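# Tertiary structure, described
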Amino acid sequence: MPGEESYLIIGGCGFLGRWIVDQLVERGETKVAVFDIVQRHFDNNITFFTGDLSNAADVENAIVKSGATSIIHTASPHYTAPADILERVNVTGTSNVVDMCLKHNVRKLVYTSSGAVYLDGIHQLISADERLDYAEKPLDVYNTTKIEAEKIVLNANDRSGEGLLTCCIRPCGIFGPGDQNNIKQWHRVVLNGQTKWQIGDNMNINDFTFVGNVARAHILASDRLAESYPCDRFRDPLPSIDLSVG
Ligand code: NAD
């Protein structure tokens, strides 16, 4: 029922975060707050907290003052950011979020990870799903830190059902209005006349998802987080299967 939860959207001034905020407001939620390092939006019906995820006091301030019962954590530096920043924001920052959720009895935490946590750049993945393990050697520091962050979030899931409930969403590429990252890179490729080269046989399939659908997936995940859900691979480990083709 709209109005029951108090939402805090971490990274809520970003591309995906803003879509989540808008969809929550659109369905009648009245308690929506945002935590971000930069304030890019100014709405009367939303409380904005400006701060750095890697600073535990900033995170605590936003969680306490917003009275959050459900947190959706979408913040991350761009995947090309320096390693120390990725480490600090994605690992230390996510750890701060989990610590403060536990300290202040937040009920729900949904974390935006990356669909590339499975990829190693060598194996093709056919029909892969969440039963697949993380890549042994992830593609880059960004995905290494996303895996670390996921483990922090998933390990905090309270299997008794009494405490914090968590899950991770792993989007592939995200497209749609408001995108400041992917579209710029594609535009640059066209401007630089780099469309005439092809690497490989052009048979790889990659997925892009409309931002509105990714936002909706996060909200549905928050709605449905409960004592039990079908894909808790830590609680009910599924048989290890190899879906990769070398
Ligand atoms: P974005 O850059 O538009 O938004 C990220 C937000 O996080 C920004 O508003 C930024 O200011 C904020 N942020 C960064 N560092 C922070 C810090 N230290 N403290 C507080 N806030 C901070 O990115 P996006 O495209 O909306 O991506 C959202 C999430 O989805 C990210 O976690 C990203 O890794 C993941 N993801 C994105 C894609 C994609 O194609 N865009 C694909 C897979 C996963």
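Residue positions within a chain follow its written sequence, with the count starting from 1. At least 70 in pLDDT is required for a residue's local features to be given in this predicted model, at least 80 for side-chain atom pairs to be given and counted, and no such filter applies to totals for whole chains, interfaces and linings, which use all residues. Side-chain metrics in this entry use all non-hydrogen atoms of the structure; hydrogen atoms and water are not considered.

Salt bridges are counted wherever a side-chain nitrogen of Lys or Arg sits within 4 Å of a carboxyl oxygen of Asp or Glu. Enumeration according to the criterion identifies 7 salt bridges in this entry. Shared partners join several salt bridges into a network, and the residues in it are R18, D22 and D43.

In the vicinity of the ligand, 26 residues are found, and the nearest of them are L16, D36, R40, Y142 and K146. A distance of 3.0 Å is found between a nitrogen atom of the ligand and a backbone nitrogen or oxygen belonging to L53. T74 places a polar main-chain atom, nitrogen or oxygen, 2.9 Å from an oxygen atom of the ligand. Helical segments are the DSSP runs of H or I of at least four residues, strand segments are the runs of E of at least two, and each set is numbered from the N terminus. At the level of secondary structure, the elements contributing two or more residues to the shell around the ligand comprise helix 1 (15-26), strand 2 (32-36), helix 4 (141-155) and strand 8 (173-175). Polar here means any residue other than Ala, Val, Leu, Ile, Met, Phe, Trp, Tyr, Cys and Pro, which are nonpolar, and Asp, Glu, Lys and Arg, which are charged; Gly is therefore polar. Taken together, the residues of the shell around the ligand sort by class into 12 nonpolar, 10 polar and 4 charged. Only heavy atoms are used to decide nearness, and a residue is near a molecule or strand if one of them lies within 4 Å of it. The term polar contact refers here to a pair of N or O atoms within 3.5 Å; inside protein, the definition further demands a hydrogen-donor-capable atom paired with an acceptor-capable atom, and it admits residues adjacent in sequence only when both atoms are side-chain atoms.

To form a nonpolar core, buried Ala, Val, Leu, Ile, Met, Phe, Trp, Tyr and Cys residues must be joined to one another through side-chain atoms within 4.5 Å. Exposure categories follow from relative accessible area, calculated using a 1.4 Å probe and restricted to protein chains: below 20% of the type maximum is buried, above 50% is exposed, and the middle band is partly exposed. Residues L8, I10, F35, L53, I71 and L109 are the most contacted members of the largest nonpolar core, which totals 29 residues. Elements with a contribution of two residues or more to this core: strand 1 (7-10), strand 2, helix 2 (56-66), helix 3 (83-103), strand 5 (108-112) and helix 4. Residue contributions to this core peak at 5 residues, all from helix 3. Note on contacts: a residue pair qualifies if any of its non-hydrogen atoms lie within 4.5 Å across the two residues. For I10, the contacting residues outside a window of four places in its chain are F35, L53, I71, I72, H73, T74, A75 and V97. With 24 residues, the next largest nonpolar core counts Y7, I9, V32 and F48 among its residues.

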